[in-house]
Amino acid sequence: DVKVTQSSRYLVKRTGEKVFLECVQDMDHENMFWYRQDPGLGLRLIYFSYDVKMKEKGDIPEGYSVSREKKERFSLILESASTNQTSMYLCASYSGRGRHEQYFGPGTRLTVT
Amino acid sequence: KQEVTQIPAALSVPEGENLVLNCSFTDSAIYNLQWFRQDPGKGLTSLLLIQSSQREQTSGRLNASLDKSSGRSTLYIAASQPGDSATYLCAVETDKLIFGTGTRLQVFP
């Protein structure tokens, strides 16, 4: 079974802190994604990556950056956390071959105070 | 711009009912359509994926259909159970996944 893991289930940070959210997948997937999910807004794509050291902006990249130094790991970075970044963050991956079925991690509930 | 809509936003049914969740999208140029389940505070679990060339997919009590030309998909759940209570999301893949806002389903005993 594909497994996508995220470093924390719950995280509380202060405004202005630098925050790292880590995502690791164990199925050699090329494609990895970071979404945030907010009530009434659904899932919105922040950044994605099609390969190591590649990154592409999604729909709402402002205030975020990413890092993909290894194929299995995709990190989301909040350079200076703000209260409007309080959200549920979801990581996903899929293989570029075949069905393109996306697999999601369990999510990180981030609260910025 | 591709938009995905799910109706109804919420649904409450007694156990044992057969039910249909609807998903519509505005642009038929999609690679595939996926249905996901999300339990409260958790990540998404893929239920069914329908390639653009397919009409339907089945898994157990779930059946999903796709009519690409009309921009519609339905998820049929047979003989619903309390354990089916969750939010169901559909998403279409173009150059990325575009999600609907989901249908929150409650099945009561």
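Quick note: structure is the one above.
The following refers to the structure shown. Quick caveat, the model's predicted, so the values are computed rather than measured.

**Notes on the overall build of chain B**
Alright, step 1. A tally of helices and strands in chain B yields 0 helices and 11 strands.
Alright, step 2. Along chain B, from the amino end to the carboxyl end, the secondary structure elements read β-β-β-β-β-β-β-β-β-β-β.
Alright, step 3. Taking 13 Å as the expected radius of gyration for a compact globule of 109 residues, we find that chain B reaches 13 Å, a close match to that expectation.
Alright, step 4. Taken over the C-alpha atoms alone, chain B extends approximately 40 × 25 × 20 Å along its principal axes.
Alright, step 5. In chain B, which comprises 109 residues, the proportion classed as buried is 45%.
Alright, step 6. Positive and negative side-chain charges of chain B, numbering 9 and 10 respectively, have mean locations separated by a distance of 3 Å.

**Notes on the interface of chain A and chain B**
Alright, step 1. In this complex, chain A contributes 21 residues to the contact, which on the side of chain B involves 19 residues.
Alright, step 2. Both faces considered, chain A and chain B share a buried interface measuring about 1,600 Å² in area, 50% of it formed by carbon and sulfur atoms.
Alright, step 3. Viewed at the interface, chain B and chain A are joined by 1 salt bridge.
Alright, step 4. Among the salt bridges present, the one from A:D59 reaches B:K96, with a minimum N-O distance of 2.5 Å.
Alright, step 5. Our count for the chain A to chain B interface comes out at 8 residue pairs in polar contact (both at pLDDT 80 or more).
Alright, step 6. Across the side of chain A that touches chain B, the residue classes tally to 10 nonpolar, 7 polar and 4 charged.

**Let's talk about the sheet that holds strand 3 (residues 19-25) of chain B**
Residues and elements named next belong to chain B.
Alright, step 1. Judged by pairing direction, the sheet is antiparallel, and its 5 strands sit side by side in the order 1-3-8-7-6 without closing on themselves. Of all strands in the sheet, those bounded by a partner on one side alone are strand 1 (4-7) and strand 6 (56-59). Across the sheet, the axes of successive neighbouring strands diverge by a mean angle of 15°, strand direction being ignored.

**A word on the pairing of strand 8 (residues 72-77) of chain B**
Residue and element names in this part refer to chain B.
Alright, step 1. With burial as the criterion, only one face of strand 8 is covered, namely that bearing S73, L75 and I77; the residues R72, T74 and Y76 on the opposite face remain uncovered.
Alright, step 2. With 6 bridges joining them, strand 3 and strand 8 adopt antiparallel strand pairing. Note on strand 8: the bridge partner recorded for N22 is T74.
Alright, step 3. Where strand 7 (residues 62-67) and strand 8 come together, 6 bridges link them in antiparallel fashion. Its bridge partner being in strand 8, A64 is matched across the sheet by L75.
Alright, step 4. Counting the residues between successive antiparallel strands, the hairpin from strand 7 to strand 8 contains 4 residues, one of them, G71, with a positive phi of roughly 70°.

**Regarding the environment of B:E17**
All names here are of chain B.
Alright, step 1. With respect to the helices and strands, the residue E17 is situated in the loop between strand 2 (10-14) and strand 3.
Alright, step 2. As a C-alpha pair, E17 and Q34 span 17 residues in sequence and 23 Å in three-dimensional space.
Alright, step 3. Discounting chain neighbours no more than four positions away, the residues touching E17 are I77, A78, A79 and S80.

**A short note on the sheet that holds strand 3 (residues 19-25) of chain A**
By way of backbone hydrogen bonds, the strands of a sheet pair with one another, either parallel or antiparallel.
All names here are of chain A.
Alright, step 1. Spatially, 4 strands are ordered 1-3-8-7 in an open sheet, and the strand pairing comes out antiparallel. On the outer flanks of this sheet lie strand 1 (4-6) and strand 7 (64-70), each paired with one strand and no other. Taking the axes of each pair of neighbouring strands and ignoring which way they run, one obtains an average angle of 20° across the sheet.
Alright, step 2. Examined bridge by bridge, strand 3 and strand 8 (residues 73-78) share 6 bridges and lie antiparallel to one another. The partner of C23 across the bridge, within strand 8, is F74.

**Some points on the pattern of salt bridges**
Alright, step 1. Summed over all chains, the structure comprises 9 salt bridges over all chains.
Alright, step 2. A salt bridge links A:R44 to A:D38; its shortest N-O distance comes to 2.9 Å.
Alright, step 3. The salt bridge partner of B:R37 is B:D39, with a shortest N-O separation of 3.0 Å.
Alright, step 4. By relative accessible area, B:D39 is classed as partly exposed at 28%.
Alright, step 5. One continuous salt-bridge network, built from bridges that share partners, spans A:R36, A:D38 and A:R44.

**Some remarks on the state of the cysteines**
Residues and elements named next belong to chain B.
Alright, step 1. What the rule picks out here adds up to 2 disulfides over all chains.
Alright, step 2. For C23, the disulfide goes to C90, at an S-S distance of 2.0 Å. Sign of the S-S torsion, about 75° for the bond between C23 and C90, identifies this disulfide as right-handed. Pair noted here: C23 is in strand 3 and C90 is in strand 9 (residues 86-93), with a separation of 67 residues, a long-range link.

**Here's the deal with the pairing of strand 5 (residues 44-51) of chain B**
Alright, step 1. When you tally the buried positions in strand 5 of chain B, you get 6 out of 8 residues, the bulk of the element.
Alright, step 2. What sits between strand 4 (residues 32-38) of chain B and strand 5 of chain B in their antiparallel hairpin is a turn of 5 residues, with B:G41 showing a positive phi close to 70°.

Reading the values: the criteria
- Residues numbered from 1 in each chain as written.
- Chains lettered and ligands numbered in written order.
- Predicted model: local features only at pLDDT ≥ 70, side-chain atom pairs only at ≥ 80, totals over all residues.
- Heavy atoms only, no water.
- Helix = DSSP H or I, 4+ residues; strand = E, 2+ residues; numbered from the N terminus.
- Rg over C-alpha atoms; globule rule 2.2 N^0.38 Å.
- Buried < 20%, exposed > 50% of the residue type's maximum accessible area, 1.4 Å probe, protein only.
- Lys, Arg positive; Asp, Glu negative; His and termini not counted.
- Charge placed at Lys NZ, Arg CZ, Asp CG, Glu CD.
- Contact = heavy atoms within 4.5 Å.
- Buried area = accessible area lost by both parts, 1.4 Å probe.
- Salt bridge = Lys/Arg side-chain N within 4 Å of Asp/Glu carboxyl O.
- Polar contact = N/O pair within 3.5 Å; in protein donor to acceptor, adjacent residues only side chain to side chain.
- Nonpolar A, V, L, I, M, F, W, Y, C, P; charged D, E, K, R; others polar.
- Pairing = 2+ DSSP bridges.
- Axes fitted to C-alpha atoms, helices over the stretch in contact; angles between N-to-C directions.
- Disulfide = S-S within 2.5 Å.

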